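Next come the chains, spelled out residue by residue.
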Amino acid sequence: MANEPTKPSTADGTTSQYRSHVTPPDTSAVRRVAAFAAGAPFTALVAAVEVALVTAALGVQRSAAPVAVGLIAFSVYAADHVADAEGDADATPLRARFALRYADQLMVAAAVSYGLAVALAAGAGPAALALALVPGAVWIGYATDWLPTLGDRLAPLGAGSVPRLKDVFLFNSAAVALAWAVAVVAAPLAFAGVPVDSVGPRTVALLFAYVLVRSFVDVEVPNVRDAAADAAQGVATLPVVFGVAGTRRILLGVDAVAAGLLAVTATTGAASTPALVALGVGLVVSMTITALADRLDGTALGVAPDGSYLVAGVVLLAFAL
């Protein structure tokens, strides 16, 4: 670790050679920043692109929804990385080290980001404001220790402890996927002030289901990288329970469901064709990443699943040019 005492490399106790050859402080700092950038900031960008894609698919007017959801995603994930920094040290050591070292600054940044998102939502109306407050409440119940603590205080002596919802098998990934689907699909409607009936309840429901199942895959693929660390902490995920091969088969099946949902959405005629094509290209990228999950390194697995939305965004931009 770069912040550990350095060892003398010469008889007179100097440390320049040791530091220059073993722990270059500048390089280490850059790597930590890069690891963090591949976390919360990258997730925020992906969230904004997802909302923009759904906005185009629904055919509603552009709004501040992508910016607001991106700010919320940054806030939630930055806070989550701080909260779980010690547990993430084995799976994502650089990001965990950055979160531990700059915990206070990250929590301030998270609070400011969430505040800006709430301000944008308040300007868009009550529905957008209510929607903006949901992810924070969900994260508190999902990732923090308040529920286990409350359970320990209320449970009779000798009763079993209450786990964090984040540590409950399948519920953890399903809860994150549900939160993403609600934010990504509801935000364009809420911020634009467009009722569901004007777009078509069936189209909205199909896009919601599509984002839900895609988000489940996006959560579980990086768990392949984290399998050893999760198993050591007693956290059950698909790779921990079914192994990498079993996880790949399950997730490819889920991706196939997503493809079916996208195809049915296209038959409604209410969704934008360029947006559906872009989402389809992103889905092909996602399925490729899932198929190669056991061949990609940890860094790639951390960003590649969400990166499929960036590819979809580029395709949508190409249609607009």
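Small disclaimer: the values here were computed from a predicted structure and weren't measured.

What counts, and at which threshold
Within each chain, residues carry numbers counting from 1 in the order of the written sequence. For a predicted model such as this one, the threshold for reporting local features is a pLDDT of at least 70, and the threshold for listing and counting side-chain atom pairs is 80 or more; totals across whole chains, interfaces and linings nevertheless cover every residue. Hydrogens and water are ignored here; the side-chain numbers use all heavy atoms of the structure. Comment: elements are numbered from the N terminus, with helices defined as DSSP H or I runs of at least four residues and strands as E runs of at least two. A patch is a set of surface residues, each over 30% in relative accessible area and not in a salt bridge, joined within 9 Å for like charges and within 5 Å for the nonpolar side chains Val, Leu, Ile, Met, Phe, Trp and Tyr. To be clear on the numbers: accessible area is Shrake-Rupley with a 1.4 Å probe, and residue cover counts the displayed protein chains and nothing else. One side-chain nitrogen of Lys or Arg within 4 Å of one carboxyl oxygen of Asp or Glu is enough to make a salt bridge. Only C-alpha atoms enter the line fits that serve as axes; for helices the fit covers just the stretch in contact. Angles between N-to-C directions range over 0 to 180 degrees. Should an angle fall under 35 degrees it is taken as roughly parallel, and over 145 as roughly antiparallel, whereas 65 to 115 is taken as roughly perpendicular and any remaining angle as oblique. Note on convention: the crossing is left-handed when the near helix lies turned anticlockwise from the far helix by less than a right angle, right-handed when the turn is clockwise. Residue contacts are defined here by distance: any two heavy atoms, one from each residue, within 4.5 Å place the two residues in contact. Any residue that is not Ala, Val, Leu, Ile, Met, Phe, Trp, Tyr, Cys, Pro, Asp, Glu, Lys or Arg is counted as polar, Gly included; the first ten are nonpolar and the last four charged. Nine residue types can take part in a nonpolar core, namely buried Ala, Val, Leu, Ile, Met, Phe, Trp, Tyr and Cys, and a core is a set of them joined through side-chain atoms within 4.5 Å. Burial classes follow relative accessibility: with a 1.4 Å probe on protein chains only, a residue under 20% of its type's maximum area counts as buried, one over 50% as exposed, and anything between as partly exposed.

What follows is about the environment of Glu-50. Relative to the helices and strands, Glu-50 is located in helix H3 (residues 40–58). A C-alpha to C-alpha distance of 8.8 Å links Glu-50 and Ala-312, two positions 262 residues apart in sequence.

A few words now on a nonpolar patch on the surface. Taken together, the side chains of Val-240, Val-241, Phe-242 and Ile-250 present a nonpolar region at the surface, about 300 Å² in accessible area. Residue placement: Val-241 occurs in helix H13 (residues 238–268).

Attention shifts here to the packing of helix H4 (residues 65–83) against helix H9 (residues 171–192). Running from N to C, H4 and H9 cross one another at 155 degrees; their axes reach a closest spacing of 9 Å. Taken as axis vectors, H4 and H9 run roughly antiparallel relative to one another. Viewed along their axes, H4 and H9 form a crossing whose handedness is right-handed. Contact residues: Ala-65, Ala-68, Val-69 and Tyr-77 in H4; Val-176, Trp-180, Ala-183, Ala-187, Pro-188 and Phe-191 in H9. Residue composition of the contact of H4 with H9, grouped by class: 10 nonpolar, no polar and no charged.

All right, on to the nonpolar core then. Most often, soluble globular proteins have nonpolar side chains that are buried together. Counting 72 residues, the largest nonpolar core has Leu-53, Leu-58, Phe-191, Tyr-210, Val-211 and Leu-279 as its most contacted members. Formed by 6 residues, the second largest nonpolar core is a distinct cluster that contains Ala-85, Phe-98, Ala-103 and Leu-106.

This part covers the packing of H13 against helix H14 (residues 273–291). In a pair of packed helices, the angle between the axes and the distance between the axes together describe the arrangement. Close contact between H13 and H14 brings their axes to 10 Å; oriented N to C, the two are set at 170 degrees. By the angle between their axes, H13 is roughly antiparallel relative to H14. Together, Arg-248, Leu-251, Leu-252, Asp-255, Ala-258, Ala-259, Leu-262, Thr-265 and Ala-266 of H13 and Leu-276, Leu-279, Gly-280, Leu-283, Ser-286, Met-287, Thr-290 and Ala-291 of H14 make up the contact between the two elements. Considered class by class, the residues forming the contact of H13 with H14 number 11 nonpolar, 4 polar and 2 charged.

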